[in-house]
Amino acid sequence: HIVVSYSRRTFLQTGDGHFSPIGGYHAGQDLVLILDVARFKYPPHWVPLPMLYEAMQYHDPVTAQPRGYLRISAQPRLCSVLLTLDVR
């Protein structure tokens, strides 16, 4: 599973920094399905992958770091560990 942190300004949406999970990828059109957690504002929507990459390049005003993504996955080999996190 992947959760992205991105600037909504890139998609001409209201607000700025936002976190949402990725619901899928369309290889034929190079689109990413964003499952917006604020469904009352924006339903799930497809965006071009290069545009999402651009949206993750905006710097967070508090940390001064670029936004990015979080990959969450199960580790079936390790019984003592339920999840691993890969933060980039």
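As the structure is a prediction and not an experimental result, all values here were calculated from the model.

1. A few points about the overall build of the protein
- Within the protein, the regular secondary structure consists of one helix and six strands.
- If you list the helices and strands of the protein from N to C, you get β-β-β-β-α-β-β.
- For the protein, the residues scored as buried account for 28% of the 88 residues in total.
- In the protein, once contacts between residues fewer than 6 apart in sequence are set aside, the share between residues at least 24 apart is 30%.
- Of the roughly 6100 Å² that the protein leaves accessible, carbon and sulfur atoms contribute 63%.

2. Structural notes on the confidence of the model for the protein
- The pLDDT averaged across the protein works out to 82; a share of 84% of its residues lies at or above 70.
- Per-element mean pLDDT across the protein ranges from 58 in strand S6 (residues 83-87) up to 93 in strand S3 (residues 31-34).

3. Considerations on the pattern of salt bridges
- Counted according to the given criterion, the structure contains two salt bridges.
- Among the salt bridges present, the one from Asp60 reaches Arg67, with a minimum N-O distance of 3.6 Å.
- In this structure Arg67 comes out as buried when scored by relative accessible area, which is 11%.

4. A few points about the side chain of Ser5
- The topology assignment puts Ser5 in strand S1 (residues 2-7).
- Leaving out residues up to four positions away in the same chain, Ser5 has contacts with His18, Phe19, Met56, Arg67 and Gly68.

5. Observations concerning unusual backbone geometry
- In the Ramachandran plot, Asp30 falls in the positive-phi region, its phi being about 55° despite a non-glycine side chain.
- Following the sequence through the fold, Asp30 ends up in the loop between strand S2 (17-26) and S3.
- When its relative accessible area of 28% is taken as the criterion, Asp30 is described as partly exposed.
- Despite not being glycine, Ala64 shows a phi value in the positive range, around 60°.
- The topology assignment puts Ala64 in the loop between helix H1 (49-55) and strand S5 (69-74).
- With a relative accessible area of 52%, Ala64 lands in the exposed category.

6. Digging into the nonpolar core
- Val4, Tyr6, Phe11, Val32, Ile34, Val47, Leu52, Ala55 and Met56 together form the largest nonpolar core, which totals nine residues.
- At the level of elements, S1, S3 and H1 are the ones that each hand at least two residues to this core.

Conventions we followed
Residues numbered from 1 in each chain as written. Predicted model: local features only at pLDDT ≥ 70, side-chain atom pairs only at ≥ 80, totals over all residues. Heavy atoms only, no water. Helix = DSSP H or I, 4+ residues; strand = E, 2+ residues; numbered from the N terminus. Buried < 20%, exposed > 50% of the residue type's maximum accessible area, 1.4 Å probe, protein only. Contact = heavy atoms within 4.5 Å. Areas by Shrake-Rupley, 256 points an atom, 1.4 Å probe, with all protein chains shown as cover. pLDDT = per-residue confidence, 0-100. Salt bridge = Lys/Arg side-chain N within 4 Å of Asp/Glu carboxyl O. Core = buried A, V, L, I, M, F, W, Y, C linked by side-chain atoms within 4.5 Å.

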